[in-house]
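Descriptive analysis of the structure
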Amino acid sequence: MEHEMRAEYAEGAGPGAPVKIWHMVRRETATAMCGRELSPDAETRTAEVWGTPEGEPFCHTCGALYLREVP
């Protein structure tokens, strides 16, 4: 299964604003693995960024579920 990271912004903010937290999504969806609905316009990054400073701060729940899906 393909994954990517998607940004969550502070309430009322959108793309271009500072990222509040990064979530992992299954590619082509805006629903985070933790269940949070994210903006389809939100910034995305490749799953390879997960666990690096570029991918922080990261949702702990998404991280745990992601680790269970990837080899």
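Given the structure is predicted, the values throughout are model-derived calculations rather than measurements.

**Section: the pattern of salt bridges**
- Inspection of every chain in the model, using the stated rule, returns eight salt bridges.
- Salt-bridge contacts for lysine 20 lead to glutamate 8; the nearest nitrogen and oxygen are separated by 3.6 Å. With lysine 20 in strand β2 (residues 19–26) and glutamate 8 in strand β1 (residues 3–9), this residue pair connects regions lying 12 residues apart in the sequence.
- The residue arginine 45 makes a salt bridge to glutamate 54 at a minimum N-O spacing of 3.8 Å.
- Here the salt bridges do not stand alone but share partners, grouping Glu2, Glu4, Arg6 and Arg27 into one network.

**A few points about unusual backbone geometry**
- Put simply, glutamate 56 and proline 57 share a cis peptide bond, and its omega is -5 degrees.
- In this fold, proline 57 is placed in the loop between β3 (44–46) and α1 (60–69).
- Despite not being glycine, glutamate 28 shows a phi value in the positive range, around 75 degrees.
- On the secondary structure map, glutamate 28 appears in the loop between β2 and β3.

**Topic: the nonpolar core**
- In terms of nonpolar packing, the biggest core is built from 16 residues, with Met5, Met24, Phe58 and Cys62 touching the most fellow members.
- Those residues in contact with methionine 5, other than ones at most four positions away along the chain, are Trp22, His23, Met24, Glu43, Thr44, Arg45, Thr46, Val49, Trp50, Gly55 and Phe58.

**Here we look at the sheet that holds β3**
- Pairing in this open sheet of three strands is antiparallel, and the strands run β2-β1-β3 from one edge to the other. The open sheet has two edge strands, β2 and β3, and neither has a second partner. Taking the axes of each pair of neighbouring strands and ignoring which way they run, one obtains an average angle of 30 degrees across the sheet.
- Two elements, β1 and β3, share three bridges in a ladder whose sense is antiparallel. Across the sheet, glutamate 4 pairs through a bridge with threonine 46, a residue of β3.

**Considerations on the pairing of β1**
- Counting buried positions over the seven residues of β1 gives seven, a clear majority of the element.
- Here β1 shows a buried face lined by His3, Met5, Ala7 and Tyr9 and a second buried face lined by Glu4, Arg6 and Glu8.
- Bridge analysis of β1 against β2 gives seven bridges, and the strand direction is antiparallel. The residue bridging glutamate 4 from the neighbouring strand is valine 25, located in β2.

Criteria and cut-off values
Residues numbered from 1 in each chain as written. Predicted model: local features only at pLDDT ≥ 70, side-chain atom pairs only at ≥ 80, totals over all residues. Heavy atoms only, no water. Salt bridge = Lys/Arg side-chain N within 4 Å of Asp/Glu carboxyl O. Helix = DSSP H or I, 4+ residues; strand = E, 2+ residues; numbered from the N terminus. Core = buried A, V, L, I, M, F, W, Y, C linked by side-chain atoms within 4.5 Å. Buried < 20%, exposed > 50% of the residue type's maximum accessible area, 1.4 Å probe, protein only. Contact = heavy atoms within 4.5 Å. Pairing = 2+ DSSP bridges. Axes fitted to C-alpha atoms, helices over the stretch in contact; angles between N-to-C directions.

That is the geometry; function is a separate question.
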